[in-house]
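# Report on the structure
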Amino acid sequence: MKTYTTAIISLFIYLACPSYAQQLGFSISNNKKKVEIPFEIYNNLIIVPVVLNDELPLKFIIDTGVRTSILTEKAFGDIINLSYSKKYTISGLGGEQLIDAYITNNVSITLPGVTGRGHALLVLAEDYLELRNYLGTDVHGILGYELFSRFVVKIDYDRKIMTLTTPKHFKPGRKYREIPMDVHDTKPYITGRIIYGPNDVHSARLMVDSGASHGLRLDPNSESDIYIPENNINAILGRGLGGVMKGKIARIPMLQLEDKICWEDVITSFPDDHDFLDSLKSSGTNRNGSIGGEILTRFITVFDFPEEKLFLKPSKDYKDRFSYNMSGLTVKAKGSLLSTFEIVEVRKNSSGDLAGLKKGDLILKINGMDAASLHLNVINSILNSKENKKIKLVIQRSNEKLAFKFRLHSLI
């Protein structure tokens, strides 16, 4: 069973960007028609190796919702002496916190088999997003529209291979389902159907967001027909610039993307009013929500931005049941090796809460295994695996070592 994980980020940067007709900086090496790039997956997010200015190897998330590439921490730019043309002060979630960011131009971004010259880069002053801590692996940036506008991008989550093809050489396979896709302000949108019941069916404009790990996210304030089911729980939905995103989690009886593409009991997040869009997410178009990695990983997915088409072919995980954080614990990795695991959130009335676990507890052992020898992905999988699974934790609280036992239980 696939474990559902909360979204980490979903950023939408509004900065000047070339149109399709202009020559973008990316090209496939040796004039090849296509190239295959291996990637890693963490919390349903795609992470690829990149090299900045031909000298600094880093890892970037591939995000359909990002307009301009992002470097998550200025310290990395300083290593290669990037020069900054402009400084921005940006409001965080709900306008509660201000963050600093810089613009640098004429940066080269190289991927395996792909060269990119003359790119703009948004550089965050500090690691506001804490991506490495919440993903449990080193992540240094985000790459989006500049790649998708230049190539047809195929993402095979089963093989962990991203294939970039020049548009004139792309031919979709016969087994793919073609879905119309509207690229507006550099972001891709499709139309889905939210089905609450036989006589309660509503069309929804959904952004396709490969840079968010959730399955379905809906804004109940976008239309009166979209509402939060009565059986819901309060939850931390993820992180954005400026802090955590709060809201509710519930199950939508059915999500339909196309006649033969639908799921029942879909875990859906409903962000609070002020958390749905921060100052970086305004896209200038009406939308009802988004689909993210928990949906996209169920397919081999092909994004054709130039022709505004999305192609989907079910993968091995297509029929997996949607599940959500049955322990109620949110854990992040700390330390230079990311091998210290801290509980940073305990959802009220969850299994972990009723067992007595607290924010700030450090996990030393989980089901008899040394936590330091595990990856954050593994720990999250154990904590969110299946109904009624027994969990044994040894934790450190201040100077004490304490043991806890509980069983996983879904509240929705």
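What follows concerns the overall build of the chain. Within the chain, the regular secondary structure consists of six helices and 31 strands. The buried share of the chain, taken over its 412 residues, is 56%. The contacts of the chain with a sequence gap of at least 6 include a subset with a gap of at least 24, amounting to 65%. Approximately 17400 Å² of the chain is accessible, and the part contributed by carbon and sulfur atoms is 46%.

As summarised here, the arrangement of the six strands in space is E2-E14-E13-E24-E25-E15, forming an open sheet in which the pairing is antiparallel. Looking at the sheet topology across the chains shown, the edges are occupied by strand E2 (34-38) and strand E15 (177-180). Ignoring strand direction, the axes of neighbouring strands in this sheet form an average angle of 20 degrees. Relative to strand E14 (residues 161-165), strand E13 (residues 152-156) runs antiparallel, the two sharing five bridges.

The next thing to look at is unusual backbone geometry. A positive phi is found at Asn81, a non-glycine position, where the angle reads about 60 degrees. Summarising the element assignment, Asn81 is placed in the loop between helix H1 (74-79) and strand E7 (86-91). Judged by its relative accessible area of 66%, Asn81 falls in the exposed class. Phi angles above zero are rare outside glycine, and Asn325 is one such case at about 25 degrees.

Below, the discussion takes up the confidence of the model for the chain. In the predicted model, the chain carries a mean pLDDT of 89, and the fraction of residues at 70 or more is 89%. Every residue in residues 1-24 scores below 50 in pLDDT, and together they form 101 contacts with partners more than four places removed in sequence or on other chains. The model gives residues 277-282 a pLDDT under 50, and that stretch makes 15 contacts with residues more than four places away or in other chains.

On to the pairing of strand E24 (residues 299-304), then. Summarising burial for E24: six of the six residues are buried, a large majority. Of the two faces of E24, both are covered, the one formed by Phe299, Thr301 and Phe303 as well as the one formed by Ile300, Val302 and Asp304. Taken together, the four bridges between E13 and E24 define a ladder with antiparallel strand orientation. Bridging across to E24, Val153 finds its partner in Phe303. Where E24 lies against strand E25 (residues 309-314), six bridges are found, and the strand directions are antiparallel.

Once that is clear, we can look at the pattern of salt bridges. Per the stated rule, a full pass over the model turns up 16 salt bridges. Close ionic contact of Asp54 with Arg117 constitutes a salt bridge, the shortest N to O distance being 2.9 Å. Here the residue Asp54 occupies a position in the loop between strand E4 (45-52) and strand E5 (56-62), and Arg117 occupies one in the loop between strand E10 (114-116) and strand E11 (119-124), the gap between them amounting to 63 residues. A relative accessible area of 45% means that Arg117 is categorised as partly exposed.

Bringing helix H6 (residues 376-383) into the picture now. Taken together, the buried positions of H6 are occupied by Leu376, Ile379, Asn380, Ile382 and Leu383. Each buried residue of H6 lies within a common arc of 160 degrees when the element is viewed along its axis, so the set occupies one face. Looking at the buried residues of H6, the elements they touch are helix H2 (131-135), strand E26 (329-334), strand E27 (340-346), strand E28 (362-366), strand E29 (369-370) and strand E30 (390-397).

Moving on: a positive patch on the surface. A surface patch of positive charge is lined by Lys390, Lys392, Lys405 and Arg407. Counting residues per element, the ones that place at least two in the positive patch are E30 and strand E31 (400-407). Its place among the elements puts Arg407 in strand E31.

Moving on, we come to the pairing of strand E22 (residues 261-271). Most of E22 is tucked away: eight of the 11 residues are buried. Two strands pair when backbone bridges link them, and strand E19 (residues 216-218) and E22 are joined in this way by two bridges, in the parallel orientation. Bridging from a neighbouring strand, Leu216 pairs with Thr268 of E22. Of the strand pairs in this sheet, strand E21 (residues 243-258) and E22 are connected by 10 bridges, and their pairing is antiparallel. Its bridge partner being in E22, Gln256 is matched across the sheet by Cys262.

Right, let's get into the nonpolar core. In this structure, Leu52, Leu111, Met162, Leu255, Leu257, Trp263 and Ile291 are the most contacted members of the largest nonpolar core, which totals 71 residues. A total of six residues in this core trace back to one element, the largest contributor, which is E21. Sequence-distant contacts of Leu255, defined by excluding residues within four places in its chain, comprise Arg193, Ile194, Leu206, Leu216, Ile261, Cys262, Trp263, Val266, Ile291 and Ile295. Listed in part, the 23 residues of the second largest apolar core include Ala333, Leu338, Val346 and Ile379.

This brings us to the packing of aromatic side chains. Summed over the entire model, instances satisfying the criterion amount to 12 aromatic pairs. Centre to centre, the rings of Trp263 and Phe322 are 6.4 Å apart; their planes meet at 85 degrees, and the pair counts as edge-to-face. With Trp263 in strand E22 and Phe322 in the loop between E25 and E26, this residue pair connects regions lying 59 residues apart in the sequence. Among the residues examined, Trp263 registers a relative accessible area of 6% and is labelled buried. Ring geometry for Phe303 and Phe305: centres 6.4 Å apart, planes at 65 degrees, overall edge-to-face. The pair Phe303 / Phe305 is uniform in exposure class, with both members buried. Among the aromatic side chains, those forming a connected cluster through ring pairs are Tyr145, Phe148, Phe303 and Phe305. Here the basic side chain of Arg205 rests over the ring of Tyr189, its NZ or CZ set 4.2 Å away from the ring centre.

Parameters and conventions
- Residues numbered from 1 in each chain as written.
- Predicted model: local features only at pLDDT ≥ 70, side-chain atom pairs only at ≥ 80, totals over all residues.
- Heavy atoms only, no water.
- Helix = DSSP H or I, 4+ residues; strand = E, 2+ residues; numbered from the N terminus.
- Buried < 20%, exposed > 50% of the residue type's maximum accessible area, 1.4 Å probe, protein only.
- Contact = heavy atoms within 4.5 Å.
- Areas by Shrake-Rupley, 256 points an atom, 1.4 Å probe, with all protein chains shown as cover.
- Pairing = 2+ DSSP bridges.
- Axes fitted to C-alpha atoms, helices over the stretch in contact; angles between N-to-C directions.
- pLDDT = per-residue confidence, 0-100.
- Salt bridge = Lys/Arg side-chain N within 4 Å of Asp/Glu carboxyl O.
- Arc of directions from axis to C-beta.
- Patch = residues over 30% accessible without salt bridge, like charges linked within 9 Å, V, L, I, M, F, W, Y side chains within 5 Å.
- Lys, Arg positive; Asp, Glu negative; His and termini not counted.
- Charge placed at Lys NZ, Arg CZ, Asp CG, Glu CD.
- Core = buried A, V, L, I, M, F, W, Y, C linked by side-chain atoms within 4.5 Å.
- Phe/Tyr/Trp six-rings, centres within 6.5 Å; stacked < 30°, edge-to-face > 60°.
- Lys NZ or Arg CZ within 6 Å of the ring centre and 35° of its normal.

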